[in-house]
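Coordinate analysis (summary)
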Amino acid sequence: MTSRPHFFLRPLAAEVALGWRRAVRGPLLTALGLVLLLLFFCAPTQGETAAAWTACSLGFAWGILLISGLWSGGLAYAADRDRHRLALFFTKPASPWLLWWGRFLGTLAPFSVAIFLLWILLLFRNLPPGRFCLPPDLPDLELATQQEMNHLRKTERLPKNVSERRLARAVRTELRNRYTELRPEEPRTYTFSIPNGRPPSSLDFRLSGTPFMGAKEALSLDISLFADGKIERFRPDALFDTGFSLPLPKQIAHPSQPLHLTLTRRDTHDAASILYREREDLALLLPGYSAILNQTYLCLLLLATVAMMVALGAAFGCALSLPVTLFSGSAILLAFTAAALAPTTSVADEQATRWGRFSAPVAYTVAQPFRALVTLNPIQRVIDGEAILTQEINRFLLFSMLPWLLCCSLAAPLTATRDETL
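Rules behind the numbers
Residues numbered from 1 in each chain as written. Predicted model: local features only at pLDDT ≥ 70, side-chain atom pairs only at ≥ 80, totals over all residues. Heavy atoms only, no water. Buried < 20%, exposed > 50% of the residue type's maximum accessible area, 1.4 Å probe, protein only. Helix = DSSP H or I, 4+ residues; strand = E, 2+ residues; numbered from the N terminus. Pairing = 2+ DSSP bridges. Contact = heavy atoms within 4.5 Å. Patch = residues over 30% accessible without salt bridge, like charges linked within 9 Å, V, L, I, M, F, W, Y side chains within 5 Å. Areas by Shrake-Rupley, 256 points an atom, 1.4 Å probe, with all protein chains shown as cover. Salt bridge = Lys/Arg side-chain N within 4 Å of Asp/Glu carboxyl O. Axes fitted to C-alpha atoms, helices over the stretch in contact; angles between N-to-C directions. Left-handed = near helix turned anticlockwise from the far one by under 90°. Nonpolar A, V, L, I, M, F, W, Y, C, P; charged D, E, K, R; others polar. Phe/Tyr/Trp six-rings, centres within 6.5 Å; stacked < 30°, edge-to-face > 60°.

A few points about the pairing of strand β10 (residues 282-289)
In terms of burial, β10 is a largely internal element, 6 of the 8 residues being buried. Both strand β1 (residues 130-134) and β10 contribute to a ladder of 4 bridges, which runs antiparallel. Counted as the bridge partner of C133 is L285 from β10. Pairing geometry for strand β4 (residues 204-207) and β10, over 4 bridges, is antiparallel. Within β10, the position partnered with F205 by the bridge is L284.

Quick notes on helix α12 (residues 368-376)
Listing the buried residues of α12 in full gives P369, F370, R371, L373 and L376. Two residues or fewer after α12 comes N377, characterised by a positive phi angle close to 50 degrees.

Some words on the side chain of T305
Here T305 is to be found in helix α8 (residues 291-319). Residues within four places of T305 in sequence aside, it is in contact with W62, L66, L373 and F396.

Overview of a nonpolar patch on the surface
A cluster of nonpolar side chains, F116, I120, L123, F124 and I292, forms an exposed patch at the surface whose accessible area comes to about 460 Å². Note on placement: F116 falls in helix α5 (residues 96-122). According to the relative accessible area criterion, F116 is partly exposed, its value standing at 49%.

Looking at the sheet that holds strand β5 (residues 221-227)
Overall, antiparallel pairing links the 4 strands, which are arranged β3-β8-β5-β6 in an open sheet. Pairing within the sheet leaves two strands with one partner each, and these edge strands are β3 (188-192) and β6 (230-234). Going across the sheet, the axis of each strand differs from the next one's by a mean of 20 degrees, ignoring polarity. Examined bridge by bridge, β3 and strand β8 (residues 259-265) share 5 bridges and lie antiparallel to one another. The residue of β8 that forms the bridge with T191 is H260.

A closer look at the side chain of N294
Along the polypeptide, N294 turns up in helix α8. Given a relative accessible area of 1%, N294 falls into the buried group. Residues in contact with N294, not counting those within four places in the same chain, are G130, Y289, R381, V382, E386, A387 and I388.

Some words on the packing of helix α6 (residues 141-154) against helix α7 (residues 164-176)
When two helices pack together, their arrangement is captured by the angle between the axes and the distance separating the axes. It is at 9 Å that the axes of α6 and α7 come closest, and there the two elements cross at 115 degrees. Seen along the crossing, α6 lies across α7 with a hand that is right-handed. Here L141, E142, A144, T145, E148, M149, L152 and R153 of α6 come into contact with α7, specifically with E164, L167, A168, V171, R172, L175 and R176. Among the residues forming the contact of α6 with α7, the class breakdown is 8 nonpolar, 1 polar and 6 charged.

Some points on the packing of aromatic side chains
In this structure the tally under the stated criterion is 9 aromatic pairs. Pairing F116 with W119 gives two aromatic rings, centres 5.9 Å apart and planes at 15 degrees, and the pair type is stacked. One end of the pair, F116, and the other, W119, are both in helix α5, 3 residues apart, so they sit about a helical turn from each other. Overall, W119 belongs to the partly exposed group, its relative accessible area being 21%.

Printed below as a string of structure tokens:
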């Protein structure tokens, strides 16, 4: 008598092998590999241009992998369903979910190999290590949100017919993204609390974003450090459009003493501006992960999103024909991307028209799994040398990827019902 695990694993392994052969057949993955090689070997490897090229190459490779995964997922299921070949599978005592997971895993396997190739290519890019970001000590965001809500309530400026929770979320986002202008001869001081433990072996100050508004040649910036009775002054020589990073003396940082950092503009050009977000763009960089571990986390996120696209294509292939699957899947991928990358609007703007009241919640809900990636911004983190935290990876896998795969696998009974009636 056949044992239960052997009875389950044999058809699953057969479907995985079939999905692998279907995915690697044809020029798709060969062309994908050539594109990856061209992207990373025909680009500069040093300087600011190299960082921009690497970020662009990673984004382009990510997009190619997502579209390829979506189409391969559709081909893995819809082609056999259109030719009524799935009826042979259901003559065996096997579950429809076994068919779906077998095709899904088999289709995803070649993309795992492609992402491993991408991981190897990143080794040649000399990426910086993933350092932990220590933000400045600023007023509590939740308390500031409640104070702003109370002020809007007193002045009767709260939009009507909007829940308190949604208003609080909008106010919190606005406070987090609020810009601060550094004016000439008006210094701004920020305090950083070094974590307890041993003094950090290296310490960098970073001002990111696009703080110089394209006028970096006309600006002059001084940085003063005060800690444990010592004062150090610096003047960064290289200001880039994407900000700058400045190494600080190791002996100036002590876990028991706060570090006070003052930014001062020495130029008098009224036409030039320095704009930055205090809660997002200012940070001290502490030692963290190695560059290899950080790029491994990036590739793991890429694999998770490709798996979501393969699952979406297979789910569409359960109920739709192959051309409709490819067209609908591509349209939904574009819709997800547009919704996730859409600029944040205020609650008042969303309530101004009926279309705004309808489209804003729908776009936010539909793109919620991908908004986590937009907020995380893993490509820019790897380029800037900022660590992708393990808990962020776990949160995305548990609350975005896993529910997505489970929902897509629920489309498998549709296949069984339709094929058994033919």
